[in-house]
Structures are given as structure tokens and as C-alpha cells.
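A look at the structure
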Amino acid sequence: GESVGLHLPTLSVQEGDNSIINCAYSNSASDYFIWYKQESGKGPQFIIDIRSNMDKRQGQRVTVLLNKTVKHLSLQIAATQPGDSAVYFCAENIEEDTGRRALTFGSGTRLQVQP
Amino acid sequence: TAGITQAPTSQILAAGRSMTLRCTQDMRHNAMYWYRQDLGLGLRLIHYSNTAGTTGKGEVPDGYSVSRANTDDFPLTLASAVPSQTSVYFCASSEQGTGTEAFFGQGTRLTVV
């Protein structure tokens, strides 16, 4: 079946550098995408979202890019800080024929920030 | 505002026993969800509810049941637990309608022995 996946399971960066986490999706009907951050022992926390009619969206230190042509999503974190160390999930949201609208998650990328 | 509250935080359960994981939200969200999270598999949807009084099956519904008697509560029941149901369970909620972000609880760590 169609699914959301991630290219890199673990990403290690130096503090202060920029981080880029990638995600591939295969469901061309997906119309909404979200990035979540999950710290150890906690539930996923919303970072930023983007709808399929947009190519780019910026938040505080984070930018999400959507390339619908190649079905690719990326999360860019500027000036990465130790507090950014976590597992990052991309998720797609689609309304199915059954009426179900729920998030489908990728397997996650662990970001490790080195001091 | 508490957001989403799950209980218990963790539980060890003997195989064959039943258990209900509780989830309550105070955001008046119409949609609620139960996910399980296993290492290497990410979060997988168990059951969902688009609005009070309705429920639906997700990706991995077998062995689980849910009910949605009101807007705020969405309990998940394991009728007869098996070791493969050892996992971390997350409840989430979101506004109904076009895609919106889901808010997650802190999770329930369940170990079936």
C-alpha cells in the first residue's frame, strides 16, 4: 500500500549548524502534511504543517518544503540547538472514501545535536 | 488547559486479562484517535472516531475496541491481552473537517507478560 517514509533514520549535526530532515510520500492524493517532534518519553508535538497548495512554509527556525512533483517533503531547522535533539516524524493526512481522515506517519528520523 | 490526558501512564498486564486505556480531551475536538508506537514501525492507527457516537477501524484494529459515548472521552479496550500488544499507546484529537493538526497525549506504556 501507499505509505509515508523517511530517507535517513539518524542524523547527527553540530550545534549551530542547519539540519535537513527528508521524507518521501507515495500517496499523490495527500493534501496536508505535518512534521512532529517527539522527545523521549513524550507524545509527538506539532512543529509545522503545510497544505498541498503550498511549496514552502516558514515558522520559527523551521521551514517545510513540499515538492509534489517528486512527492518529497523536508524539514529544515536553522541554527540547530541541543534542545532540538529528538525523533522527527512526517505525517500525511488524507480523507479516504470511508470518510476517515487520520494521520499516516513515517517511521521517524532521530536528530542528534553534538555540542 | 490540560489538552489530552491519558491513564494510566504505564501498566504491566498478564496475558489473557482485559484492560481499558483511558483518554480524555478538553479541547472540544470532534475527532479522536488511538495509535500504537513500536520501535522501527512509527505510529500506527488502531481506531478513530470522527465525532461522538461514531468509530472506525484504522490500520491495526484487531484485538482492540473503542467507544465514543461523548465528545471528551475515547477509551481503548483490550479484551484479552497478548504479548504482541506490548507497546506505547497514544491518544490524539483534532478538529473535524479539512486536515488539521492532531494533538497527542503523553502516552501509556503497556507491557503484556
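Presented here is a report on the structure given in the accompanying data block. (Residues numbered from 1 in each chain as written. Chains lettered and ligands numbered in written order. Predicted model: local features only at pLDDT ≥ 70, side-chain atom pairs only at ≥ 80, totals over all residues. Heavy atoms only, no water.)

1. Comments concerning the overall build of chain B
- Of regular secondary structure, chain B possesses zero helices and 11 strands.
- The helix and strand sequence of chain B, counted from the amino end, reads β-β-β-β-β-β-β-β-β-β-β.
- A compact globule built from 113 residues would reach a C-alpha radius of gyration of about 13 Å, and chain B, at 13 Å, matches this within 12%.
- For chain B, the C-alpha atoms occupy an extent of roughly 40 × 25 × 25 Å along the three principal directions. (Helix = DSSP H or I, 4+ residues; strand = E, 2+ residues; numbered from the N terminus. Rg over C-alpha atoms; globule rule 2.2 N^0.38 Å.)

2. Here we look at the interface of chain B and chain A
- At the junction of the two partners, chain B supplies 20 residues and chain A supplies 21 residues.
- Counting the surface lost from both chain B and chain A, the interface buries some 1,600 Å², and carbon and sulfur atoms represent 52% of this.
- Where chain B meets chain A, there are zero salt bridges.
- There are four residue pairs in polar contact (both at pLDDT 80 or more) connecting chain B and chain A.
- At the level of secondary structure, the elements contributing two or more residues to the side of chain B that touches chain A comprise strand S4 (31-38) and strand S5 (42-49) of chain B.
- Here the side of chain B that touches chain A gets four residues from one element, more than from any other, and that element is S5(B).
- Of the residues that constitute the side of chain B that touches chain A, the class distribution is eight nonpolar, 10 polar and two charged. (Contact = heavy atoms within 4.5 Å. Buried area = accessible area lost by both parts, 1.4 Å probe. Salt bridge = Lys/Arg side-chain N within 4 Å of Asp/Glu carboxyl O. Polar contact = N/O pair within 3.5 Å; in protein donor to acceptor, adjacent residues only side chain to side chain. Nonpolar A, V, L, I, M, F, W, Y, C, P; charged D, E, K, R; others polar.)

3. Let's talk about the environment of B:Arg17
Residues and elements named next belong to chain B.
- Looking at the element boundaries, Arg17 is found in the loop between strand S2 (10-13) and strand S3 (19-25).
- Taking the C-alpha atoms as reference points, Arg17 and Asp72, 55 residues apart in sequence, are found 26 Å from one another.
- Those residues in contact with Arg17 that lie beyond four places of it in its chain are Leu78, Ala79, Ser80 and Ala81.

4. What about unusual backbone geometry?
- Note the cis peptide between B:Ala7 and B:Pro8, where omega equals -5°.
- Tracing the backbone shows B:Pro8 in the loop between strand S1 (4-7) and S2.
- If you check the backbone angles, A:Ala79 has positive phi at about 50° while not being a glycine.
- Following the sequence through the fold, A:Ala79 ends up in the loop between strand S8 (72-77) and strand S9 (86-95).
- For B:Arg28, which is not glycine, the phi dihedral falls at a positive 60°.
- By secondary structure assignment, the location of B:Arg28 is in the loop between S3 and S4.

5. So, the sheet that holds strand S7 (residues 64-66) of chain B
All names here are of chain B.
- Taken in spatial order, the four strands line up as S1-S3-S8-S7 in an open sheet, and their pairing is antiparallel. Across the chains shown, the open sheet's two edge strands, defined by having one partner strand only, are S1 and S7. Within this sheet the neighbouring strands show an average axis-to-axis angle of 20°, counted without direction.
- Of the pairings in the sheet, the one linking S3 to strand S8 (residues 76-78) comprises three bridges and is antiparallel in character. Counterpart to Thr20 in the pairing with S8 is Thr77. (Pairing = 2+ DSSP bridges. Axes fitted to C-alpha atoms, helices over the stretch in contact; angles between N-to-C directions.)

6. Quick look at the pattern of salt bridges
All names here are of chain A.
- This structure, assessed with the given rule, holds seven salt bridges over all chains.
- The salt bridge partner of Lys42 is Glu39, with a shortest N-O separation of 3.8 Å.
- Between Arg61 and Asp84 there is a salt bridge whose closest N-O contact spans 2.9 Å. Of this pair, Arg61 sits in the loop between strand S6 (56-58) and strand S7 (62-67) while Asp84 sits in the loop between S8 and S9, and the two are 23 residues apart along the sequence.

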